[in-house]
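Below, each chain spelled out in residue letters.
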Amino acid sequence: MTRVGRVERTTKETSVLVEIDLDGTGKTDIATGVGFYDHMLDQLGRHGLFDLTVKTDGDLHIDSHHTIEDTALALGAAFKQALGDKVGIYRFGNCTVPLDESLAQVTVDLSGRPYLVHTEPENMAPMIGEYDTTMTRHILESFVAQAQVALHVHVPYGRNAHHIVECQFKALARALRYASERDPRAAGILPSTKGAL
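Bear in mind the structure is a predicted one, so any value in this text is a computation, not a measurement.

(A) Structural detail: the pattern of salt bridges. Counted by the stated rule, this structure contains 10 salt bridges. In this structure, Glu8 and Arg6 form a salt bridge, with 2.7 Å as the shortest nitrogen-oxygen distance. You can call Glu8 exposed: its relative accessible area is 56%. Overall, Arg6 belongs to the partly exposed group, its relative accessible area being 41%. Across the pair Asp29 and Lys55 runs a salt bridge, and its minimum N-O distance is 2.8 Å. Here Asp29, found in strand E3 (residues 28-31), pairs with Lys55, found in strand E4 (residues 51-58); they are 26 residues apart in sequence, far enough to count as distant. Bridged by salt links that share partners, the residues Arg3, Asp23 and Arg182 form one connected network.

(B) Here's a closer look at the layout of surface pockets. Within this model, the largest pocket holds a volume of roughly 160 Å³. Around the largest pocket, the lining residues are Gly33, Val34, Leu60, Asp63, Ser64, His65, Met127, Glu130, Asp132 and Met135. A per-class count over the lining of the largest pocket returns four nonpolar, three polar and three charged.

(C) Structural context of helix H3 (residues 135-147). Between the first and last C-alpha of H3 there are 18 Å, a value that for 13 residues agrees with the 18 Å anticipated at 1.5 Å per step. Met135, Thr136, His138, Ile139, Leu140, Ser142, Phe143, Val144 and Ala147 are the residues of H3 that are buried. Tucked into the core, H3 has its buried residues touching helix H1 (35-48), helix H2 (65-83), strand E7 (115-119), strand E9 (131-132), strand E10 (150-157) and helix H4 (161-180).

(D) Structural detail: the nonpolar core. Judged by nonpolar contacts, the single largest core of 55 residues is most densely connected at Phe79, Leu110, Tyr131 and Leu176. With 11 residues, the single largest contributor to this core is H4. Apart from the residues within four sequence positions on either side, Phe79 is in contact with Ile20, Leu22, Phe50, Leu110, Phe143, Ala147, Leu176 and Ser180.

(E) Representation of H4 in the model. An ideal rise of 1.5 Å per residue puts 28 Å on 20 residues; H4 measures up with 29 Å between its terminal C-alpha atoms. In terms of burial, H4 is largely enclosed, as 17 of its 20 residues are buried. Capping the start of H4 is the job of one residue whose side-chain oxygen sits 3.0 Å from the backbone nitrogen of His162: Asn160.

(F) Local environment of the packing of H1 against H4. Where H1 meets H4, the axes come as close as 8 Å, and the angle between the chain directions of the two elements is 30°. The angle between H1 and H4 falls in the class roughly parallel. The two elements H1 and H4 meet at a crossing, and its hand is right-handed. Seen from H1, the contacting residues are Phe36, His39, Met40, Gln43, Leu44, His47 and Gly48; seen from H4, they are His162, Val165, Glu166, Phe169, Lys170, Leu172, Ala173, Arg174, Leu176 and Arg177. Of the residues belonging to the contact of H1 with H4, the class tally is eight nonpolar, five polar and four charged.

(G) View of the packing of aromatic side chains. Following the criterion strictly, the structure yields three aromatic pairs and no others. Taking 5.0 Å as the distance between ring centres and 55° as the angle between the ring planes, the aromatic pair formed by Phe36 and Tyr131 counts as tilted. Within this pair, whereas Phe36 is found in helix H1, its partner Tyr131 is found in strand E9, the two being separated by 95 residues in sequence. Overall, the relative accessible area of 9% leaves Phe36 in the buried class.

(H) Summary view of unusual backbone geometry. Notably, Lys86 is not glycine yet its phi reads approximately 70°, a positive angle. Of note, Lys86 is situated in the loop between H2 and strand E5 (92-99). Even without a glycine there, the phi angle at Asp100 is positive, about 55°. The topology assignment puts Asp100 in the loop between E5 and strand E6 (102-109). Overall, Asp100 belongs to the exposed group, its relative accessible area being 64%.

What counts as what
- Numbering of residues begins from 1 in every chain and follows the order in which that chain's sequence is written.
- Restriction of local features to residues with pLDDT of at least 70 applies here, the model being predicted, together with a cutoff of 80 or more for giving and counting side-chain atom pairs; totals for whole chains, interfaces and linings are based on all residues.
- Side-chain descriptors were evaluated using all non-hydrogen atoms of the structure, hydrogens and water having been removed beforehand.
- The rule for a salt bridge is simple: a side-chain nitrogen of Lys or Arg has to be within 4 Å of a carboxyl oxygen of Asp or Glu.
- Think of it in three bands: with a 1.4 Å probe and only protein chains considered, a residue is buried below 20% of the maximum accessible area for its type, exposed above 50%, and partly exposed in between.
- For the purposes of this entry, the term helix denotes a DSSP run of H or I that reaches at least four residues, the term strand denotes a run of E that reaches at least two, and both are numbered from the N terminus.
- Both cavities and pockets are sets of points on a 1 Å grid over the protein atoms alone; in a cavity a 1.4 Å probe fits but cannot get out, in a pocket the set is open with protein on both sides within 12 Å along at least five of seven lines, and lining residues sit with an atom within 4 Å of a point.
- Grid points are joined across faces, edges and corners, and a volume is the space filled by probe spheres set on the points.
- Under the scheme applied here, ten amino acids are nonpolar (Ala, Val, Leu, Ile, Met, Phe, Trp, Tyr, Cys and Pro), four are charged (Asp, Glu, Lys and Arg), and all others, including Gly, are polar.
- By definition here, a helix of n residues has an expected span of 1.5 Å times n minus one.
- In what follows, residue pairs with any heavy atoms lying within 4.5 Å of each other are defined as contacts.
- Put simply, a nonpolar core is a bunch of buried Ala, Val, Leu, Ile, Met, Phe, Trp, Tyr and Cys residues held in one set by side-chain atoms that sit within 4.5 Å of each other.
- Nitrogen and oxygen atoms within 3.5 Å of one another constitute a polar contact, given that in protein one can donate a hydrogen and the other can accept it, and given that sequence-neighbouring residues count only through two side-chain atoms.
- Angles shown run from 0 to 180 degrees and are taken between the N-to-C directions of axes, each axis being a line fitted to C-alpha atoms and, for helices, limited to the stretch in contact.
- An angle below 35 degrees is treated as roughly parallel, one above 145 as roughly antiparallel, one from 65 to 115 as roughly perpendicular, and anything else as oblique.
- In this scheme the crossing of two helices becomes right-handed for a clockwise turn of the near helix relative to the far one and left-handed for an anticlockwise turn of less than a right angle.
- Centre distance within 6.5 Å is the pairing criterion for rings of Phe, Tyr and Trp, where only the six-membered ring of Trp is used; planes under 30 degrees apart are then read as stacked, over 60 as edge-to-face, and the remainder as tilted.

This is the structure in structure tokens:
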């Protein structure tokens, strides 16, 4: 069974297309108009081994907020769609990723219940190129709301803003990969005592 999600989202502010294949090889085709965000979504696809296409045309003449937010919403919806009935998956995943002086710890539960816990060092540089560093939490909030997952992201330390954000995306990619992979010992089994996810 193919585990592919495809979402198109169009508003007065943005036009977004996201396609994701959970059983891919990490091939990506990303274009949002926000260079650093493209770099982060590329990390998500490559380290998650998700084939990921993202095409966003947004109102960048205002700022990058709507473009980033609406892309994250579409990504979460596409991820949820690709998961399907969740039968036979591991459900839980975690990963810790260092990037030089920074460290990110990410744990995810593909629970069907959206919840985010997010901590990162205070007093980060406010911008990375055209990317507002306060948007990282909002990306995760938007993704969680649509993907319907519980996500805990913790960066206990770090100094360089680029590293702090990038290690979060790399760890997120791996945690999502591990959680969404099929468990060979649980074929045909929904990983829930409630009978629903």
